[in-house]
Amino acid sequence: MTEWSFTQAEHREVRRILAATFGLSALRSFQAEVVVRLLRGHSVLAVVSTGAGKSLCYQLPSVYWDRPVLVISPLVALMHHQAERMAALGVPSAALTGQLDGDTQRDILRAWMEGSLRLLYVAPERLSDVRLGQALKERMPALLVVDEAHCISEWGYDFRPEYRRIRTFREAVGNPPLLALTATATERVKADIRWHLTTDREPFDLVEGPVDRPNLFLSVEMTQSPKDRERRVADLARRAAGGVIVYSGSRLSAERWARVLSQALDEPVRAYHAGLAPGLRRTIERDFVEGAIRVVASTTAFGMGIDRGDIRTVIHVDVPDSLDAYYQEIGRAGRDGEPAEARMVIQPMDIYRRERWIRDERPDRDWVREIWARAAGQPLNRPVLWELEDDDTSTPVLLSVLEDMGVLELKSAPGGIRVTRVESVDPHVDALLHRLEQFWERRRTLFQHMVDYIETDQCRRSMVLRYYGQSASPHERCCDQCESGGRATVGPRGDASLVDRLRAWRTQEALAMGVEPYIVLNDRDLMGIAVKRPQTREALAQCQGMGPKRLKKYGEAILALVGDGEPASAGDEPLDQGAPRDRAVWLFKAGVPWERILIEVGRSESTVRGYFVDWLKTAPQAEWLHYLAHWFTDAEYRMMADTMDRLQTDRLRPLYDALQGRFRFDQWDVARAVHSRRRAELVSGGAPHQGG
Ligand code: ADP
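The following refers to the structure shown. (Residues numbered from 1 in each chain as written. Predicted model: local features only at pLDDT ≥ 70, side-chain atom pairs only at ≥ 80, totals over all residues. Heavy atoms only, no water.)

Now for the sheet that holds strand β9 (residues 243–247). In space, the six strands of this open sheet follow the order β8-β13-β12-β9-β11-β10, with parallel pairing throughout. Pairing within the sheet leaves two strands with one partner each, and these edge strands are β8 (216–222) and β10 (269–272). Strand-to-strand twist across the sheet, computed as the mean angle between neighbouring axes with direction ignored, equals 15 degrees. Relative to strand β11 (residues 295–298), β9 runs parallel, the two sharing four bridges. Paired with Ile245 across the strands is Val296, a residue of β11. Against the sheet, helix α10 (residues 251–265) engages β9, β10 and β11, with an angle of about 175 degrees to β10. (Pairing = 2+ DSSP bridges. Helix = DSSP H or I, 4+ residues; strand = E, 2+ residues; numbered from the N terminus. Axes fitted to C-alpha atoms, helices over the stretch in contact; angles between N-to-C directions. Contact = heavy atoms within 4.5 Å.)

Right, dumping it as structure tokens:
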């Protein structure tokens, strides 16, 4: 017997409780690993996939010890549900939330102090509640559980500033042992959890389950039109032999999908989101769990803690913010171990839109300065209430960064946050700006992993596992890429054949007329037509280069060539992987506006920018010069070029830092390419070019 196995007496008692209270016959192996460590007084971080049974890791000890356990969880809606379920099993439990009236809250705290509760669930915002603090000092929890522990990390996909207060809280209530739980955590997130929750010296054991869900089939499909997407999603939902969740990014969209699918499937499909009344939400959850509803169209608010094993398909019709969020969400499918599917059915626009959204979240420097001035102007050591709007999520993040920097102390308060300035000498606002930029960049990096997942031509499953530092074992039904030998690309159908047809026609025409092909139609105009695919004379007349003369002479022929092509639709043969880059280059040459190109190519901004930067190394300046306005003005370019010359480097980080983050990384990226091309031309004797 090792230190990490139960003694015979422990084993007997655990089995007795499992059977008598939980109706189960044995612990799963990771549960045994966690529970035995807790019984030995160690703190534990358990990283185990959704549905594996993490809750039992603290429910069982509370019964075993017959002592109270405090559970911090961000999911208020879920807490009541969990507490009710435990109470029904005979384990006295309660959830202390703002949904309860004052009397009920007082009763719960009294029950805690009297020692009659075994499980108490609270949201992290509660931790600054004075009455809770007193109750816990009176009766220290036998164990402090931090559910969804990744929320403590800026590198987690769901950072919650309130989580940063857990360590202080834990110290205040006498440092009970800790159990941190999460379904997914990268190395960085694990390190952050340890750093922010524990002290250096205490044992904090890591128990990890496999991240892999071999029964999940993964796929990403790009559809060409909203109608195509609706058809495809309806097909997938129709053929699923069990529960289906369709995830979209907003309440409105969830409502719309519920309507569309109700009609298409001819069965009731319910919308679910945080905007519904709690009673209605519970009814929908119950109906779904009991199988009275098969399909739910929802925001990601739905599914956490939904105990339905036979969810056969999870369909995302929007792009999640991070691979972590995505993996967590698809983890709700196939919890019964039977084959299940995780499908993403999106449009090129979606990646672009989400990226845009994240880009817009970049902290506005003036606003940051304003908040800084307000915080710095506060009297020392005297709390001031900052009132916050419900939808203001940026100010709490900013304040918590200031708390991290030791400038402020924060306490949640009704309607806002109570802010105390504790530093007499303020660090410079630049330090704050720098941290915020870092924070924002992390979000971009997290999103980039999501984009990489969408765009990969490799096995999707191996990619996810690599992301979590695990390796994949081969198995049959894996993902669309494995099934198609890496050809299940998500790019929109290219117009390669139309370009070819137009080119062939142009060559014939030029030969017949005895002129150069570009006299008939130059490349740029030809590409423009291939992109726009005009169906009528009027539409063709709108294309660049199609003046009245050309229209008269070639109009018929061009329209016939365009009409020859099959319209693109879902389920078309897959496009060659080289296509997105080629397509981007045509579009650059055609002078199509940048934003439009992002949509047409259906790749992330950084990927398309990569194509652009490569292309401008060799392309004629006239073709790319006009794009530069998208990133900088002439004067801004000159400032960046001077900095590159001065520092004699083209590494982005030092450049970015040298001008204190005045320009974004994408701006530097493009400026660097332009600069290096101009330098090369100077060296090789080419004419230097003006302006940027
Ligand atoms: P998680 O929190 O990891 O997502 P839950 O704790 O909600 O998962 O448990 C998921 C399901 O697994 C529940 O239905 C639970 O009853 C079941 N379960 C947990 N542990 C066991 C076990 N040892 N044996 C059988 N079923 C279990």
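What follows covers helix α9 (residues 226–239). Between its first and last C-alpha atoms α9 spans 20 Å; for 14 residues at 1.5 Å apiece the expected length is 20 Å, and the two agree. As for α9, its buried residues are in contact with β8, β9, α10, β12 (311–316), β13 (340–346) and α13 (348–360). (Expected span 1.5 Å × (residues − 1).)

Turning next to the site of the ligand. Close contacts around the ligand come from 15 residues, with Ala26, Gln31, Gly51, Lys54 and Ser55 the closest. Here a nitrogen atom of the ligand and a side-chain polar atom of Gln31 are 2.9 Å apart. Contact between the ligand and Lys54: an oxygen atom at 2.9 Å from a main-chain N or O atom of the residue. With the chains in place, 72% of the 570 Å² that the ligand exposes on its own is no longer accessible. Along the lines of polarity and charge, the residues of the shell around the ligand split into five nonpolar, six polar and four charged. (Near = heavy atom within 4 Å. Polar contact = N/O pair within 3.5 Å; in protein donor to acceptor, adjacent residues only side chain to side chain. Areas by Shrake-Rupley, 256 points an atom, 1.4 Å probe, with all protein chains shown as cover. Nonpolar A, V, L, I, M, F, W, Y, C, P; charged D, E, K, R; others polar.)

Our focus in this paragraph is helix α17 (residues 460–467). The buried fraction of α17 is high, at six of eight residues. Among all positions of α17, only Arg460, Arg461, Met463, Val464, Leu465 and Tyr467 are buried. Immediately beyond the C-terminal end of α17, within one or two residues, lies Gly469, with a positive phi of roughly 70 degrees. (Buried < 20%, exposed > 50% of the residue type's maximum accessible area, 1.4 Å probe, protein only.)

Counting 78 residues, the largest nonpolar core has Leu120, Ile193, Met450, Tyr453 and Ile454 as its most contacted members. Among the elements that make up this core, the one with the highest residue count is helix α16 (residues 429–455) (seven residues). Lining this core are residues from two domains, each supplying at least three of them: domain 1 (8–208) and domain 2 (216–355). (Core = buried A, V, L, I, M, F, W, Y, C linked by side-chain atoms within 4.5 Å. Domains from an automatic or database assignment.)

Two numbers describe a pair of packed helices, the interaxial angle and the distance between the axes. Two numbers describe how α16 lies on α17: the axes approach to 10 Å, and their chain directions differ by 160 degrees. Considering the angle they form, α16 stands roughly antiparallel to α17. The interaxial crossing formed by α16 with α17 has right-handed handedness. Of α17, the residues touching α16 (which contributes Leu446, His449, Asp452, Tyr453 and Ile454) are Arg460, Met463, Val464 and Tyr467. Here the contact of α16 with α17 is composed, by residue class, of six nonpolar, one polar and two charged. (Parallel < 35°, antiparallel > 145°, perpendicular 65-115°, else oblique. Left-handed = near helix turned anticlockwise from the far one by under 90°.)

Okay, the sheet that holds strand β14 (residues 384–387) next. In space, the three strands of this open sheet follow the order β14-β16-β15, with antiparallel pairing throughout. Of all strands in the sheet, those bounded by a partner on one side alone are β14 and β15 (408–413). Shown here is a sheet whose adjacent strand axes are inclined to one another by a mean of 30 degrees, direction ignored. Pairing of β15 with strand β16 (residues 416–421), which is carried by six bridges, proceeds in the antiparallel orientation. Bridge assignment links Lys411 to a residue of β16, and that residue is Arg418. Across the face of the sheet, helix α14 (residues 365–376) comes into contact with β14, β15 and β16 while running at roughly 155 degrees to β14. Packed on one face of the sheet, helix α15 (residues 394–404) meets β14, β15 and β16 and runs near 140 degrees to β15.

Take the pairing of strand β4 (residues 119–122) next. Neither face of β4 is exposed, since Leu119 and Tyr121 on one face and Leu120 and Val122 on the opposite face are all buried. Bridge analysis of strand β2 (residues 69–72) against β4 gives four bridges, and the strand direction is parallel. For Val71, the partnering residue across the bridge sits in β4 and is Tyr121. Here strand β3 (residues 93–96) runs beside β4; their pairing, made up of four bridges, is parallel. When the bridges of β4 are listed, Ala95 appears paired with Tyr121. The handedness of the β3 to β4 crossover, carried by helix α5 (residues 102–114), is right-handed. (Right-handed = clockwise from strand over helix to strand, strands pointing away.)

Moving on, we come to the environment of Ala149. Take Ala149: it is sitting in the loop between β5 (143–146) and α7 (166–172). Once the C-alpha coordinates of Ala149 and Ala241 are considered, the two residues, 92 residues apart in sequence, prove to be 34 Å apart. The residues touching Ala149, leaving out its near neighbours within four places in the chain, are Tyr163, Ala180, Leu181, Thr182 and Ile193.

Another aspect to go through is the pattern of salt bridges. Within this structure, the stated rule accounts for 43 salt bridges. A salt bridge links Lys190 to Glu208, with the shortest nitrogen-to-oxygen separation between them at 2.7 Å. Taken together, the residues span a long stretch of sequence, with Lys190 in helix α8 (residues 187–197) and Glu208 in strand β7 (residues 204–208) at a distance of 18 residues. Assessed through its relative accessible area of 6%, Lys190 is described here as buried. Classification of Glu208 by relative accessible area gives partly exposed; the value is 36%. The salt bridge involving Arg609 is made with Glu605; its shortest N-O contact spans 3.0 Å. Of this pair, Arg609 and Glu605 both sit in helix α26 (residues 605–615), four residues apart, which is roughly one turn of the helix. Pair check on accessibility: Arg609 and Glu605 agree, each one buried. By sharing partners, the salt bridges in this structure join Glu221, Arg232, Arg239, Glu341 and Arg343 into a single network. (Salt bridge = Lys/Arg side-chain N within 4 Å of Asp/Glu carboxyl O.)

Keep in mind that these numbers describe shape and distance, not what the molecule does.
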